[in-house]
Amino acid sequence: MRFDVITLFPELFSPLLSSGITRRAYESGQVEVKLSNPRDFAGGNYKRVDDRPFGGGPGMVMLAEPLAQCLKAIQSKRADVAPVVLFSPAGQPLNHAMVERWAGSQGAVLVCGRYEGIDQRFIDEHVTHQVSLGDFVLSGGEIAAMALLDAVARLQPGVLNTADSHSQDSFNPALDGLLDCPHYTRPESWAGRPVPAVLLSGHHGQIERWRREQRLALSQRLRPDLIEQARQQGGLTPEDEAFLARFV
Ligand code: SAM
């Protein structure tokens, strides 16, 4: 899997690619990440990558041509016809289902905007997908690109220490898309707060039931939409429904 990132700030990616548990996915090439700077494809002495917006208004707009030349160079090095993903507040909000799809793909070209955004004609000509990190505005698409790369890398086989660790995480279909349960570690009592007794009981079945109920209760309280989704997909057992009925 190969992700090419088009960014004016490739140095921002160094900590992501060299830190934490996902580092091994990037370093082994399991998730290959190549960084390209459109400035290297800009003309003139000033290597200009932006200009003032037609029609006036604040800020600058990224020029289409350096982006197009950068993309062309990337495409000439890739064996596939890769999707071109632009990070934008106008995109589809990133979620687990999207991450899973990208995690099982051949990769993509990720385009990070800056300034007021990029010339619409580049978007119309080349962009196949638009992805948003949420309803707020970042200074650039790099943090959104890193979020996608990190989420994709941790889903790759062998990247997390425990093979099925991510299947226990929030939103995973293996747990019916619910929120994760609370976690506790040593000491058994901290700041006058004891660990729930069931977790110290050694009863695997009871611990699993407690965790399931915590996921249900938390999702019911904070994300009732996830409960409804699980229900519609047939993920809730009669035992789950009986538990949830106690909150009505
Ligand atoms: N003028 C744009 C608007 O109001 O929608 C915001 C431009 S923003 C300052 C610069 C770049 O950051 C965007 O082109 C995009 O690539 C990225 N960006 C900003 N917010 C984002 C978000 N919520 N999700 C993904 N990318 C975002």
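What you are looking at is a predicted structure, and each value in this text was computed from that prediction instead of being measured.

Participant: Help me get a handle on the overall build of the protein, residues and values and all.
Facilitator: Each helix and strand in the protein was counted, giving nine helices and nine strands. Over its C-alpha trace the protein gives a radius of gyration of 22 Å, far above what one expects of a compact globule, namely 18 Å for 248 residues. Along the longest, intermediate and shortest principal axes, the C-alpha atoms of the protein span 70 × 40 × 40 Å. Taking all 248 residues of the protein together, 41% fall into the buried category. A separation threshold of at least 6 residues defines the contact pool for the protein, and within that pool the share at least 24 residues apart is 73%. For the protein, the exposed surface amounts to about 14,200 Å²; the carbon and sulfur share of it is 52%. Computing the positive centroid from 25 side-chain charges and the negative centroid from 29, the protein places the two 3 Å apart.

Participant: An account of helix 8 (residues 224-232) is requested, with residue identities and associated values reported.
Facilitator: Within an α-helix, residues lying three or four positions from one another point in the same direction, as the helix has 3.6 residues per turn. Where helix 8 is concerned, the buried positions are Leu226, Ile227 and Ala230. Each buried residue of helix 8 sits inside an arc of 105 degrees when the element is viewed along its axis, so together they form one side.

Participant: I'd like to hear about the site of the ligand, residue by residue, with values.
Facilitator: Looking at the ligand, there are 19 residues lining it, with Phe87, Glu116, Leu133, Phe136 and Leu138 nearest. Take Glu116: an N or O atom from its main chain is 2.9 Å from a nitrogen atom of the ligand. With respect to the ligand, the backbone of Leu138 contributes an N or O atom lying 2.9 Å from a nitrogen atom. Taking 580 Å² as the accessible area of the ligand by itself, protein coverage stands at 80%. The set of elements that each furnish at least two residues to the shell around the ligand consists of strand 5 (84-93) and strand 7 (129-132). The element contributing the most residues to the shell around the ligand is strand 5, with three residues. Residues of the shell around the ligand, tallied by class, amount to nine nonpolar, eight polar and two charged.

Participant: Please give an account of a nonpolar patch on the surface that cites residues and values.
Facilitator: Among the surface-exposed residues, Leu133, Phe136, Leu138 and Ile143 lie close enough to one another that they form a single nonpolar patch of about 330 Å² accessible area. In this fold, Phe136 is placed in the loop between strand 7 and helix 6 (142-153).

Participant: Let's hear about the pairing of strand 5: which residues, and what values?
Facilitator: Two elements, strand 5 and strand 6 (residues 107-111), share three bridges in a ladder whose sense is parallel. Counterpart to Leu86 in the pairing with strand 6 is Val111. Direction of pairing for strand 5 relative to strand 7: parallel, over a ladder of five bridges. By the bridge assignment for strand 7, Val85 is matched with His129.

Participant: Just give me the short version of the domain arrangement of the protein, but keep the residues and values in it.
Facilitator: You can read the domains of the protein as domain 1 (2-153) and domain 2 (169-247). Here domain 1 and domain 2 have C-alpha centroids that lie 37 Å from each other.

Participant: So what about the sheet that holds strand 7? Which residues, and what values?
Facilitator: With parallel pairing, the five strands of this open sheet are ordered in space as 2-1-6-5-7. Looking along the sheet, the strands with just one partner apiece sit at the ends: strand 2 (32-36) and strand 7. Across the sheet, the axes of successive neighbouring strands diverge by a mean angle of 35 degrees, strand direction being ignored. Packing of helix 3 (residues 64-77) onto the sheet brings it into contact with strand 1 (2-6), strand 2, strand 5 and strand 6, and relative to strand 1 it is tilted by some 160 degrees. Packing of helix 4 (residues 96-103) onto the sheet brings it into contact with strand 1, strand 5, strand 6 and strand 7, and relative to strand 5 it is tilted by some 175 degrees.

Participant: Tell me about the packing of helix 7 (residues 204-222) against helix 9 (residues 238-245), and please be specific about residues and values.
Facilitator: Orientation of helix 7 relative to helix 9, taken along the N-to-C sense of each, is 55 degrees, at an axis distance of 10 Å. On the basis of the axis angle, helix 7 is oblique to helix 9. Classified by chirality, the crossing of helix 9 by helix 7 is right-handed. Here Arg209, Arg212, Glu213, Leu216, Ala217 and Gln220 of helix 7 lie close against helix 9, whose contacting residues are Glu239, Asp240, Phe243 and Leu244. Considering only residue class, the contact of helix 7 with helix 9 consists of four nonpolar, one polar and five charged.

Participant: Could you give an account of the nonpolar core, naming the residues involved and the relevant values?
Facilitator: Residues Phe13, Tyr26, Phe87, Leu110 and Leu149 are the most contacted members of the largest nonpolar core, which totals 28 residues. Those elements that place two or more of their residues in this core are strand 1, helix 1 (14-18), helix 2 (23-27), strand 5, helix 4, strand 6 and helix 6. Broken down by element, this core gets its largest block of residues, seven residues, from helix 6. For Phe13, the residues in contact, after removing those within four places along its chain, are Val5, Thr7, Leu35, Cys112, Glu142, Ala145, Met146 and Leu149. By size, the runner-up hydrophobic cluster in this structure holds 19 residues, among which are Ala42, Met62, Leu67 and Val111.

About the thresholds
Residues numbered from 1 in each chain as written. Predicted model: local features only at pLDDT ≥ 70, side-chain atom pairs only at ≥ 80, totals over all residues. Heavy atoms only, no water. Helix = DSSP H or I, 4+ residues; strand = E, 2+ residues; numbered from the N terminus. Rg over C-alpha atoms; globule rule 2.2 N^0.38 Å. Buried < 20%, exposed > 50% of the residue type's maximum accessible area, 1.4 Å probe, protein only. Contact = heavy atoms within 4.5 Å. Areas by Shrake-Rupley, 256 points an atom, 1.4 Å probe, with all protein chains shown as cover. Lys, Arg positive; Asp, Glu negative; His and termini not counted. Charge placed at Lys NZ, Arg CZ, Asp CG, Glu CD. Arc of directions from axis to C-beta. Near = heavy atom within 4 Å. Polar contact = N/O pair within 3.5 Å; in protein donor to acceptor, adjacent residues only side chain to side chain. Nonpolar A, V, L, I, M, F, W, Y, C, P; charged D, E, K, R; others polar. Patch = residues over 30% accessible without salt bridge, like charges linked within 9 Å, V, L, I, M, F, W, Y side chains within 5 Å. Salt bridge = Lys/Arg side-chain N within 4 Å of Asp/Glu carboxyl O. Pairing = 2+ DSSP bridges. Domains from an automatic or database assignment. Axes fitted to C-alpha atoms, helices over the stretch in contact; angles between N-to-C directions. Parallel < 35°, antiparallel > 145°, perpendicular 65-115°, else oblique. Left-handed = near helix turned anticlockwise from the far one by under 90°. Core = buried A, V, L, I, M, F, W, Y, C linked by side-chain atoms within 4.5 Å.

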